[in-house]
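Chain by chain, the residues run as shown.
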Amino acid sequence: MVCAHCLNACSAAVRRPVHDITATFLLSSRQAGFSRRVILNQPEHNHSTILLVDDNPTNLQLLFGTLKGLGHKLLVAKSGEDALKVAQWAQPDLILLDILMSGMDGFETCERLKADPQTQSIAVVFLSALDDTDDKIKGLSMGAVDYIAKPFQAEEVIARVETHLTIARLRNELAERNRQLESANQPILDAVGDGIYGLDREGNISFANPAAMQLTGYPKEALIGHSIHELHLYARWDGTPYHFIETGVYQTLKQGVAKQSDSDVFWRHAGDHFAVSWTCTPIMRGGNVQGAVLAFRDITQRKRQEHQLREALAEVETLRDRLQAENAYLQAEVKTEGRFDSIVGESAALRAVLEQIEQVAPTNSSVLITGESGTGKEAMARAIHDLSPRRDRPLIKVNCGAITPTLIESELFGHEKGAFTGASRQRQGHFELADGGTIFLDEVGELPLDAQVKLLRVLQEQEISRLGSERAIQVDVRLIAATNRDLVEMVEAGSFRMDLFYRLNVFPLNVPPLRDRRDDIPLLVTKFLADQGRAQGRTFSRISEDGMQLLMEYRWPGNIRELQNVIERSAILARDKVVPIARHLVYSGIAAGLEPARDVTPQTDETQQVFVSLASNEAGYIRRVLEHTGWTIAGKGGAAEILDLPASTLRSRMKKLGIERLG
């Protein structure tokens, strides 16, 4: 909470013109027993400077109170014009800029900041009540680095501010290191000096200065009259030869056009080589090439330093990518207040699950969430994470079924540059990004066996190794897995490791299907109908009575996801505030196959009737049931339960009838 004295001081400051703001802020609180004086024209070491721009004093007070405890220097401006002046004078590291301001708005202010060489490198983050995608695109296209919608949460603003200040600091450190390396390189170049060759029209050396002899190791008599191509330019750095006509020196002599290069090597008298930067200028007489002057210098040290710079840049890029990836996961979804806001329902079956979540959430135990497709397993995982001590770290969600088998290891554990074809840069995996937080592996039953082995090792040893690297990286990750498959059956069939199953199944959590919590259907319908009203810009009051009865009687094989789709389709077709539910919209797709069969065989002529064998008829019916259950054989809601057969008997029938899942 921001104390009253601080807010009053800030309020008084933001009411002054910009030239008064650049003097002094005195923030004090007798109740807290401290006072602090910030002299804005004297920089504080090891702190960043942030400029807050808003024409609303209340917003400035809120921003100032949110950021003042971070140890950064805070400047304020009440208009775009004032912001331009303060930015030129103070050169802040970050500007938080409101869009809707009287006079010069935020877009114009940002455009003018980016057009000024003195301020164009300052990171700008827009703050606005406008949450339209076009406004975001417009702001980012003008050079802003981020966009925060109002009303904002203090935690979100702090997280984004610290992220962008970290990136700015790393960029400045890299620039300073580059300047230091260039400064160290210049005396080396000056001390060595440039080699100078005079060349005739055939490329033979007619003149060599002392620096050229020193650089190449050749005595003067071994240079004069000999071809530069035969002495220095006969091979590339790896020793592979190339013809002299490929060189820029030859092109200068034949075309009379100056050439230069810093990608060649010169071979020395001793048989070794050095990286060289050269410039070849033709000597013209009467429009004809008479020869050329070749100036060259040893750039081995510069190449080495460039390599070091590239490595340093790669390291900074890696850190930046991780920061941005974590920021994306942390900020993509603004958390709402409450414990189970994303879970709708009051049925006894759902309350039992939520009670289990409250029990397991504070622990670090692995959780295995099972249930049919569309029951809301991901929402349960989010609730566990939000109630855990890891709530301030990211929840990384991975759909194991959506990753190709060849990329699973790279996606989960990361890879080094060059680890495989197309790996042009180092990349952190999902486990590394989830360090300190939670990783949610959805459809874990789809993992191939080799990936299961590596996952088991991570759970046992709490460390990973990127693909292409043997270095172990310690990680602190809580695992939540989910599946709609019968893992016990998969273990028995040999397609899922038993040891991994027991690692995952520390705390099993079964999400009931919608048909077992029908009391929640009206609440879910109300929520989905409100969502559609906002999405379509319309107002819906309720579902028709016969429509609600239809929804309550249906079995919902697709669970909550299917119900959501039915409400969306019905809302699109609705003509007034009361939304009717057409029977064909509910009983469609898989569900249509569950309705009583109708005799549609033409009876006009016995010769037109098609008869099939009993085995074919049985195979067709079993296949329809399997497709309805998503090819789940055993377990609750599986095909064996519907057909009232033991799972082993059903598998035997399938094998005998040749029933296999396609695709």
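Procedures and definitions
Residue numbers here run from 1 along each chain, matching the order of that chain's written sequence. Local features are withheld for residues below a pLDDT of 70 in this predicted model, meaning they are given only at 70 or higher, and side-chain atom pairs are given and counted only at 80 or more; totals for whole chains, interfaces and linings count all residues. Hydrogens are left out, water is left out, and the side-chain values use all remaining heavy atoms of the structure. Secondary structure elements follow DSSP: runs of H or I of four or more residues count as helices, runs of E of two or more count as strands, with numbering from the N terminus. Buried, partly exposed and exposed residues are distinguished by accessible area as a fraction of the type maximum, computed with a 1.4 Å probe on protein chains only: under 20%, between the cut-offs, and over 50%, respectively. Residue contacts are defined here by distance: any two heavy atoms, one from each residue, within 4.5 Å place the two residues in contact. At least two bridges found by DSSP between two strands are what make those strands a pair. Orientation is described by axes fitted as lines to C-alpha atoms, over the contacting stretch for helices, and by angles from 0 to 180 degrees between their N-to-C directions. Orientation labels follow simple angle bins: below 35 degrees gives roughly parallel, above 145 gives roughly antiparallel, 65 to 115 gives roughly perpendicular, and whatever is left gives oblique. By convention the crossing between two helices is left-handed if the near helix lies anticlockwise of the far one by an angle smaller than a right angle, and right-handed if it lies clockwise. For this classification, the nonpolar set comprises Ala, Val, Leu, Ile, Met, Phe, Trp, Tyr, Cys and Pro, the charged set comprises Asp, Glu, Lys and Arg, and every other residue, Gly included, is treated as polar.

A word on the overall build of the protein
The secondary structure content of the protein amounts to 26 helices and 21 strands. The burial tally for the protein puts 43% of its 663 residues in the buried class. Within the protein, counting contacts between residues at least 6 apart in sequence, those at least 24 apart form 63% of the total.

Notes on the sheet that holds strand 7 (residues 146-149)
The strand order across the open sheet formed by five strands is 4-3-5-6-7, and the pairing between neighbours is parallel. Edge positions in the sheet fall to strand 4 (73-77) and strand 7, since each has one partner strand and no second. When strand polarity is set aside, the average angle formed by the axes of neighbouring strands in this sheet is 20°. Bridge analysis of strand 5 (residues 94-98) against strand 6 (residues 123-128) gives five bridges, and the strand direction is parallel. If you follow Leu 96 over to strand 6, its bridge partner there is Val 125. Along the sheet face, helix 5 (residues 106-115) touches strand 5 and strand 6 and points at about 175° away from the line of strand 6.

Brief notes about the sheet that holds strand 14 (residues 395-399)
Taken in spatial order, the five strands of this open sheet run 14-15-18-13-19, and their pairing is parallel. Edge positions in the open sheet fall to strand 14 and strand 19 (507-510), since each of these has one partner strand only. Pairs of neighbouring strands in the sheet enclose a mean axial angle of 20°, with direction left out of account. Sitting on the sheet, helix 14 (residues 377-386) is in contact with strand 13 (367-370), strand 14, strand 15 (438-442), strand 18 (478-483) and strand 19, with an inclination near 155° to strand 13.

Some words on the packing of helix 20 (residues 521-536) against helix 22 (residues 559-573)
Between helix 20 and helix 22, the shortest axis-to-axis distance is 9 Å and the interhelical angle comes to 45°. By the angle class used here, helix 20 and helix 22 are oblique. Like other packed secondary-structure pairs, helix 20 and helix 22 cross with a definite hand, here right-handed. Contact with helix 20, carried on its side by Ile 521, Leu 524, Val 525, Phe 528, Leu 529, Gln 532 and Gln 536, involves Ile 560, Leu 563, Gln 564, Ile 567, Glu 568, Ala 571 and Ile 572 of helix 22 and no other residues of that element. Residue composition of the contact of helix 20 with helix 22, by class: 10 nonpolar, three polar and one charged.

Fair warning: the whole summary comes from geometry, so function is off the table for now.
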